[in-house]
Amino acid sequence: QDKAKTSICTNLLTKKLFDWFAETCAANVVNRHSFALGQHLFDLVSINSREPLKETNIHLTGIACLSVAIKFEDLRRTLNFCEEITKDEVLKTE
């Protein structure tokens, strides 16, 4: 039952994260390929993680995945994702 509860919690957080991806991409005119690649990278990280992602790290991990996707799709574009998380934290997580 705890595993199911964790899965539901993670699914809800992932949905919120992907909604945030969509808002961020739309506001910063990020192309749809970067958006899709960011989601895919996040899925790969969460599936292949040795331990389940902690609730406190889901947003940071998502930002890092989106950042890698944007760099991959468009190296010329730089985004400021979130005031609460520093550039160094994102680069370290990447």
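My aim in this report is to walk through the structure given alongside it, one point at a time. Each chain carries its own residue numbering, running from 1 in the written order of its sequence. With pLDDT at 70 or above as the cut-off, local features in this predicted model cover only qualifying residues; side-chain atom pairs require 80 or more to be listed or tallied, and sums for whole chains, interfaces and linings still use all residues. Values shown for side chains rest on all heavy atoms present in the structure; no hydrogens or waters enter the calculation.

## Considering the overall build of the protein
Okay, step 1: Summing up its helical and strand segments, the protein has four helices and zero strands in all.
Okay, step 2: Numbering of helices and strands starts at the N terminus; helices are DSSP runs of H or I of at least 4 residues and strands are runs of E of at least 2. Its helices and strands in sequence order give the protein the pattern α-α-α-α, from N to C terminus.
Okay, step 3: Taken across its 94 residues, the protein has 30% of its residues classed as buried.
Okay, step 4: Counting contacts in the protein only where the partners sit at least 6 residues apart, residues at least 24 apart contribute 65% of the total.
Okay, step 5: For every accessible area listed, the method is Shrake-Rupley and the probe measures 1.4 Å; residues are considered covered only by the protein chains on display. Accessible surface, the protein: about 7,000 Å² in total, of which carbon and sulfur atoms supply 53%. Exposure categories follow from relative accessible area, calculated using a 1.4 Å probe and restricted to protein chains: below 20% of the type maximum is buried, above 50% is exposed, and the middle band is partly exposed. Contacts: residue pairs with any heavy atoms within 4.5 Å of one another.

## Quick look at helix α2 (residues 32-48)
Okay, step 1: A helix is expected to reach a length of 1.5 Å times the quantity of its residues less one. Helix length check: α2, at 17 residues, gives a terminal C-alpha distance of 24 Å against a target of 24 Å (1.5 Å per residue), a fit within 8%.
Okay, step 2: Buried residues of α2: Ser34, Leu37, Gly38 and Phe42, and no others. Buried residues of α2, viewed axially, fall in a sector of 140 degrees; they line one side. For α2, exposure combined with an orientation more than 90 degrees from the buried face picks out Arg32, Ile47 and Asn48. Relevant arc is that of directions from the helix axis to the C-beta atoms, nothing else.

## Comments concerning the packing of α2 against helix α3 (residues 58-73)
Okay, step 1: Here an axis means a line fitted to C-alpha atoms, over the contact stretch when the element is a helix, while the angle between two N-to-C directions is reported on a 0 to 180 degree scale. Where α2 meets α3, the closest approach of the two axes is 8 Å, and the angle between their N-to-C directions is 135 degrees. When the axis of α2 is compared with that of α3, the two are oblique. In this structure, the crossing between α2 and α3 has a hand that is right-handed. Each of His33, Ser34, Phe35, Leu37, Gly38, Leu41, Phe42 and Val45 in α2 lies in contact with α3, whose residues at this interface are Ile58, Thr61, Gly62, Cys65, Leu66, Val68, Ala69, Ile70, Phe72 and Glu73. Roughly parallel means an angle under 35 degrees; roughly antiparallel means over 145; roughly perpendicular covers 65 to 115; every other angle is labelled oblique. Helix crossings get a hand from a simple test, with the near helix turned counterclockwise from the far one by less than a right angle marking a left-handed crossing and a clockwise turn marking a right-handed one.

## Some details on unusual backbone geometry
Okay, step 1: Positive phi outside glycine occurs at Val29, with the angle close to 50 degrees.
Okay, step 2: With respect to the helices and strands, the residue Val29 is situated in the loop between α1 (2-27) and α2.
Okay, step 3: Residue classification places Val29 among the exposed positions, given a relative accessible area of 64%.

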